[in-house]
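Results of the structural survey
Chain by chain, the residues run as shown.
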Amino acid sequence: MPTNPSRPPDLWGGVDVGTQSVRVVLVDDHGALAGRGFGTLDSTRDGRVHEQDPRQWWRVFGAACRQAIGELDPHRIRGLAICSTSGTFLLADRLGRPRTAALMYGDARAGAEAEEVAAAGAGLWTSLGYAMQRSWALPKLVWLLRHGEPALRTDADRGRLELLHCADYLARQLTGGRVATDWSHALKTGYDLDAGRWPTEVMDKLGIPAGLLPEVVRPGTEIGRVGRAGSDHTGLPVGTPVHAGMTDGCGALIAAGSLTPGSWNSVLGTTLVLKGVTATRISDPGGAIYSHRHPDGGWLPGGASNVGAEFLRSWFPDADPHQLDRAAARYEPSNGLVYPLVARGERFPFVEPAAEPFQLGSFVDDGDRYAAVLQGVAFVERLSFAYLRGLGAPVDGKLSATGGGTNSRYWCQLRADVLGREITLPRVPEPAFGMAVLAAAGEGRVSAAAERMVQVADVLAPRPDAAARFGDAYRRFVTALVARGYVDADLARLATADAEAG
């Protein structure tokens, strides 16, 4: 049937709830951006504690939705999907009202519980190719039921509570009823991706009631429709389909269109996340890598480091980043080294809860210090690919970059230089855009929707002399990590060989 040229095109919504903000985009079937909304979030960090207020998510999400819709006809919106940080969840009552703060991806209180969870499901975690970490949702859930307010245990036993990942909470508020989660958000909560079920035998050992956990579906599945209260809050029409989303790293991968085996996407925002595509699952005895299931088949291995742009905000809170980029370009390499951890503890490319940020050497000025931070993130990125290569992952395919770090053209070029490979920049490098693509795909192939909707903005090639310029600084960076016991001899050899080859 021919299309009506006078009829405005359908729109698809994508939502990304990150550490610092909520972002909403509206795009058409060919990926053209029609609307954008944004709002900031607060976090509480105190030692190993990292929390957010889920009620703030909802308030900011409503305002961001209305900003994105603006003067558009909201009835053009045919569906939306939501992504959020991996391992972030809360406990709510049966009406979806929060009973706890949201424990964030970086919350590290559940050290003892992580060991217990690892032992309770040792065989399962090994078969799924990963190791439980203290920042993952399942150990934190065990911690919360034991150390949260006393009424939590009673309510959990009586089936009065439900676990909601961040994206689930917003979907529940939108629809007005309980919703299924997706197998991406459920991974760190202990979902068995092979059997397609919650491992009740493990949950029973840990004292987790079955009724606490949500139903799990494939990403893209319709999980409900916007209700009256959700519509009044957001401006989305009643009846708008809400589709199951994925975690933010997977959303960025979709936004980049990097969905074929061998492709990788590097998300640089508050932290650094690498996500790739493989035909078979990559297993990592060290626990730094874990593999999501690809909605189209195959696997999405990746890991998340605690280095990232948030470190820049702490060192240079009021500076003009574009001016500092120009200043940093004078120091290639920097006179010093910086390991720019956002908080204590590292998750990738090595797991070390005691890891601390450090700086070595002296700096001429702020431009030199700024350069050291940019280069430190790039060195961690390069070390991460060495680690992946050591696990047998194919890493030589297309590499794309997304996240807020792509706002710095200089930083993107620096990363291409340090990595010694081309970096593709998509036109809309945001996980929210990936969720719009996922909503458009629905239960169909996500790769087909991405092929239609994702557009390339630029491709950056490494400068010819870059490998020699940064090689020695990279080796000294790795040596500093080895000296602190963060990196073992095997990874150091891989990194050294990588540097010499570069």
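The structure displayed is predicted, hence computed values, not measured ones. (Residues numbered from 1 in each chain as written. Predicted model: local features only at pLDDT ≥ 70, side-chain atom pairs only at ≥ 80, totals over all residues. Heavy atoms only, no water.)

1. Structural notes on the overall build of the protein chain
Note the threshold: Secondary structure is summarised from DSSP: a helix means a run of H or I of at least four residues, a strand means a run of E of at least two, and numbering begins at the N terminus for each. We take the radius of gyration over the C-alpha atoms and set the globule estimate at 2.2 Å times the residue count to the 0.38 power. The contact criterion used throughout is that any non-hydrogen atoms of two residues lie within 4.5 Å.
Assigned secondary structure in the protein chain consists of 17 helices and 22 strands. Against the compact-globule benchmark of 23 Å for 502 residues, the protein chain has a radius of gyration of 22 Å, which places it among compact chains. Taken over the C-alpha atoms alone, the protein chain extends approximately 60 × 60 × 45 Å along its principal axes. Sequence separation of at least 24 residues holds for 73% of the intrachain contacts in the protein chain that already meet a minimum separation of 6.

2. Considerations on the sheet that holds strand β13 (residues 241–243)
Here is the rule we go by: The pairing criterion for strands is at least two bridges between them, as found by DSSP. Here, axes are lines fitted to C-alpha atoms. For helices the fit covers the stretch in contact, and angles between N-to-C directions go from 0 to 180 degrees.
With mixed pairing, the six strands of this open sheet are ordered in space as β3-β2-β1-β6-β13-β12. Of all strands in the sheet, those bounded by a partner on one side alone are β3 (33–40) and β12 (222–225). For this sheet the average axis-to-axis angle between neighbouring strands, irrespective of direction, equals 20°. Of the pairings in the sheet, the one linking strand β1 (residues 11–17) to strand β2 (residues 21–28) comprises seven bridges and is antiparallel in character. Each bridged residue has a counterpart across the sheet, and for Val 17 the counterpart in β2 is Val 22. Packing of helix α14 (residues 431–441) onto the sheet brings it into contact with β1, β2, β6 (77–84) and β13, and relative to β1 it is tilted by some 135°.

3. Quick word on helix α9 (residues 248–256)
The line we're drawing: Type-normalised accessible area, obtained with a 1.4 Å probe on protein chains alone, sets the label of each residue: buried when under 20%, exposed when over 50%, and partly exposed for intermediate values.
The buried fraction of α9 is high, at eight of nine residues. Every buried residue of α9 is accounted for by Gly 249, Cys 250, Gly 251, Ala 252, Leu 253, Ile 254, Ala 255 and Ala 256. Backbone geometry just downstream of α9 places Gly 257 in the positive-phi region, at approximately 70°.

4. Brief notes about unusual backbone geometry
In this chain, Glu 332 is followed by Pro 333 through a cis amide linkage whose omega measures 5°. Residue position: Pro 333 is located in the loop between α11 (321–328) and β18 (337–339). Phe 348 connects to Pro 349 through a cis peptide bond whose omega is 10°.

5. Notes on the pattern of salt bridges
Close approach of charged atoms lets side chains of opposite charge pair. Stated formally: Here, a salt bridge means any Lys or Arg side-chain nitrogen found within 4 Å of an Asp or Glu carboxyl oxygen.
Counted by the stated rule, this structure contains 30 salt bridges. In this structure, Glu 149 engages Arg 99 in a salt bridge whose closest nitrogen and oxygen atoms are separated by 3.2 Å. You can see Glu 149 sitting in the loop between α4 (137–147) and α5 (151–157) and its partner Arg 99 sitting in the loop between β7 (89–93) and β8 (102–103), a full 50 residues away along the chain. By relative accessible area, Glu 149 is classed as partly exposed at 38%. Taking relative accessible area as the criterion, Arg 99 reaches 24% and is therefore assigned partly exposed. A salt bridge links Glu 381 to Arg 415; the nearest nitrogen and oxygen atoms lie 3.0 Å apart. Here Glu 381, found in helix α12 (residues 366–390), pairs with Arg 415, found in helix α13 (residues 409–419); they are 34 residues apart in sequence, far enough to count as distant. Note on Arg 415: relative accessible area 0%, which makes it buried.

6. Re the state of the cysteines
This is how it is decided: Pairs of cysteine sulfur atoms within 2.5 Å are identified as disulfides in what follows.
Per the stated rule, a full pass over the model turns up zero disulfides. Among the cysteines around Cys 83, which has no disulfide bond, Cys 166 carries the closest sulfur, lying 8.9 Å off. In this structure Cys 412 is a free cysteine whose sulfur lies 19 Å from that of Cys 83, the closest cysteine sulfur available. With relative accessibility at 1%, the residue Cys 412 sits in the buried group.

7. Section: the packing of aromatic side chains
As a reminder, the rule being used: Classification of ring pairs uses Phe, Tyr and Trp, with its six-membered ring standing for Trp, and accepts pairs whose centres are within 6.5 Å; under 30 degrees between planes counts as stacked, over 60 as edge-to-face, and the remaining range as tilted.
The tally for this structure, following the rule as stated, stands at 18 aromatic pairs. Taken together, a centroid distance of 5.8 Å and an interplanar angle of 45° make the contact between Trp 58 and Phe 61 tilted. Highlighted residues: Trp 58 and Phe 61, both in helix α1 (residues 54–69), separated by three residues, approximately one helical turn. Classification of Trp 58 by relative accessible area gives buried; the value is 14%. Relative to Phe 385, the ring of Trp 264 lies with its centre 6.1 Å away and its plane at 80°, an arrangement referred to as edge-to-face.

8. Describing α13
Within α13, ten of the eleven residues are buried, which leaves the element mostly enclosed by the surrounding structure. Here α13 has its buried residues at Tyr 410, Trp 411, Cys 412, Gln 413, Leu 414, Arg 415, Ala 416, Asp 417, Val 418 and Leu 419. Looking one or two residues beyond α13, the residue adopting positive phi is Gly 420, at roughly 70°.

9. Let's talk about the nonpolar core
Just so we agree on the cut-off: Joining through side-chain atoms within 4.5 Å is the link that ties buried Ala, Val, Leu, Ile, Met, Phe, Trp, Tyr and Cys residues into a set, and such a set is a nonpolar core.
By size, the foremost hydrophobic cluster in this structure holds 64 residues, and its most contacted members are Tyr 339, Leu 388 and Leu 481. No other element matches the 13 residues that α12 contributes to this core. What Tyr 339 contacts, discounting residues up to four positions off in sequence, is Val 307, Glu 346, Phe 350, Glu 356, Pro 357, Phe 358, Val 380, Phe 477, Leu 481 and Tyr 486.

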